[in-house]
Amino acid sequence: MSSQIPVKQIDPATDASSNKKNSETVELYASRKKIYVKSVQGLFQRIRFFSLWALMGMYFLFCWIQVGGEPLILFDLPAREFHLFGTTFYPKDFILLSGMLIIAAFGLFFITTLFGRVWCGYTCPQTVWTFIFMWVEEKVEGTRNKRMKLDKSPNSREKVVKKSIKHAIWLGIAFATGLTFVGYFYPVRELAIDLFTLQANGWAYFWVGFFTVATYSNAGWLREQVCLYMCPYARFQSVMFDEDTRVVSYDFNRGEPRGGRKKSASKEELGLGDCIDCGQCVQVCPTGIDIRDGLQYECINCALCIDACDEIMDKMNYPRGLIRYTTEHALEGKPSKLLRPRTFGYGAALMLMIGALVFTLVSRVPIELEALRDRGALFQMNGRGMIENSYTLKIQNMTEVPQTYNLSVSGLESARILSDTRFQLGSGENLSLPTVVEVNPESITDSNNDIIFTIMAEDNGDLRAETESRFIGPRR
Ligand code: SF4
Ligand code: SF4
């Protein structure tokens, strides 16, 4: 449905004197024009082809791979365990996961400052899936011209068959995508079996269905509209650009004035630039823009227009690079700087974050120990005339293998643990250990004393954790 807002045109010269009300309706809604993207061959298309298939392959494979019996990547929310490349992280490590996300964001800003939206053109999931869907579309329905003809033609058996095959394959890919995505949060082997034997829980069906529909709509129908209207990055990435950011650009000075000509004609005699106005750069553009209009927020820096234009330049025997990755300064004949305050800023922040993450990872001790004092009684005297305090120790083995630990207490000379001090914990296992500590009343001078619990793995002295607590005695 189109939305129209009546707009009153104000013309002070006439309206103020005549007091007439002029109004007209301005159309603020433009219906989508379907873009028929022409396929192109060239260096950047080859790079995209390999990077997009490689990313797609990784996405579909990684959730199935196991390392030492553990999944390569699994965000097991019910178990509160995150398996990443052979290491298991727990909620305590959440800061590390946050650090990784912040590094990814700074990495994106840094790359954008240098090379514009290469993330969008070569690696963004929307680009990857749209590329695969368009590849299927071309295999089933044919080239750009054939697709346009098919869409314009009346319904026929051929049209219905082709459209049905295309949508069936799209739905198959979308379902595989949904299943795989949920497989990063729920063991994928169990999920696949449970889904197909109708044993899975309702939420599993819901989320697989949700991501199937989302993939099918985004990559099959919405395509460039996701980049144009839904992606926030498209809107704010321009603030990271400057005159030295390398982006896909049309060399206006070399290309203009544009105009058609025969290959044998002399452009100098015709007074024309190198652009033959063939429109190939527009036909291959997945967002349907004309790069000759200058830098636009719709441009995802995929460089397909470079490949298309280079092909034309080759045919015309003109030098390549009428459209190329370059900077605004270079186009103006000024020197371009790779390193500048902005790149230093993002680069320094990135290095700092990576350094902090590496340090935290290296110094991470995969064991958790927490001591909770028993709130029921401050202290009690036992039959031997000693003061007793009770605690519950929370211990988690965060290593990938079972461990035997020894527990000790220090801080007060005569402190001794009366309960078990040696215990075993499986990988990832949590233990709530009731612990009683006794102290000789003669060795304490204060009612409130610091004590330290220590646990240490029996066969690895580096695997140790300490936690402080209080030992309460009678008033002195
Ligand atoms: S492909 Fe090159 S020559 Fe053809 S219209 Fe685009 S810029 Fe001009
Ligand atoms: S203008 Fe060129 S680089 Fe930008 S989106 Fe279109 S084809 Fe890709």
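Values in this document were obtained by computation on a predicted structure and should not be read as measured data.

**Q** Looking at this structure, how should I read a nonpolar patch on the surface?
**A** On the surface, Phe-49, Phe-50, Trp-53 and Trp-135 cluster together into a nonpolar patch covering about 410 Å² of accessible area. Here the nonpolar patch takes three residues from helix 2 (residues 43-62), the largest share from any one element. Counting through the fold element by element, Trp-53 comes out in helix 2. Assessed through its relative accessible area of 31%, Trp-53 is described here as partly exposed.

**Q** Looking at this structure, how should I read empty space enclosed by the protein?
**A** To find the voids left in a structure, one rolls a probe of water-molecule size over its atoms. According to the stated counting rule, one finds three cavities of 30 Å³ or more in the structure shown. Put simply, the largest cavity is a space of about 110 Å³. Breaking the lining of the largest cavity down by element, the ones donating at least two residues are helix 5 (125-141) and helix 10 (224-230). Looking at side-chain class alone, the lining of the largest cavity contains five nonpolar, four polar and three charged residues.

**Q** What exactly am I supposed to notice about the site of ligand 2 here?
**A** Taken together, Val-248, Cys-285, Pro-286, Thr-287, Ile-289, Ile-291, Cys-299, Ile-300, Asn-301, Cys-302, Ala-303 and Cys-305 form the complete shell of residues around ligand 2. Class assignment of the residues belonging to the shell around ligand 2 gives a composition of 10 nonpolar, two polar and no charged.

**Q** Please explain the domain arrangement of the chain as it appears in this structure.
**A** The assigned domain composition of the chain is domain 1 (242-331) and domain 2 (367-472). Between the C-alpha centres of domain 1 and domain 2 the distance comes to 73 Å.

**Q** Honestly, the confidence of the model for the chain in this entry has me stumped. Any pointers?
**A** Detailed reading of the predicted model is not advised wherever pLDDT is low. For the chain, per-residue confidence averages 90 on the pLDDT scale, and residues scoring 70 or more make up 94% of the total. Low pLDDT (under 50) marks residues 1-8, which in the prediction has 16 contacts with non-local residues, meaning those over four places away or in another chain. Counting interchain partners and residues more than four positions distant, the pLDDT-below-50 stretch residues 12-21 has six contacts.

**Q** Explain unusual backbone geometry here, please?
**A** In most cases, non-glycine residues show a negative phi, while peptide bonds are predominantly trans. Of the consecutive residues Glu-256 and Pro-257, the connecting peptide bond is found in the cis state with omega at -10°. Turning to its location among the elements, Pro-257 is positioned in the loop between helix 12 (252-255) and helix 13 (267-270). With a phi angle near 60°, Asn-301 is a residue other than glycine that sits in the positive phi range. As for its position among the elements, Asn-301 is in the loop between helix 14 (280-283) and helix 15 (304-316). Within the chain, Ala-303 stands out as a residue other than glycine whose phi angle is a positive 70°. Tracing the backbone shows Ala-303 in the loop between helix 14 and helix 15. Given the relative accessible area of 1%, Ala-303 is considered buried.

Conventions we followed
Residues numbered from 1 in each chain as written. Chains lettered and ligands numbered in written order. Predicted model: local features only at pLDDT ≥ 70, side-chain atom pairs only at ≥ 80, totals over all residues. Heavy atoms only, no water. Patch = residues over 30% accessible without salt bridge, like charges linked within 9 Å, V, L, I, M, F, W, Y side chains within 5 Å. Areas by Shrake-Rupley, 256 points an atom, 1.4 Å probe, with all protein chains shown as cover. Salt bridge = Lys/Arg side-chain N within 4 Å of Asp/Glu carboxyl O. Helix = DSSP H or I, 4+ residues; strand = E, 2+ residues; numbered from the N terminus. Buried < 20%, exposed > 50% of the residue type's maximum accessible area, 1.4 Å probe, protein only. 1 Å grid on protein atoms, 1.4 Å probe; cavity = no way out; pocket = protein on both sides within 12 Å on 5 of 7 lines; lining within 4 Å. Points joined across faces, edges and corners; volume = space filled by probe spheres on them. Nonpolar A, V, L, I, M, F, W, Y, C, P; charged D, E, K, R; others polar. Near = heavy atom within 4 Å. Domains from an automatic or database assignment. pLDDT = per-residue confidence, 0-100. Contact = heavy atoms within 4.5 Å.

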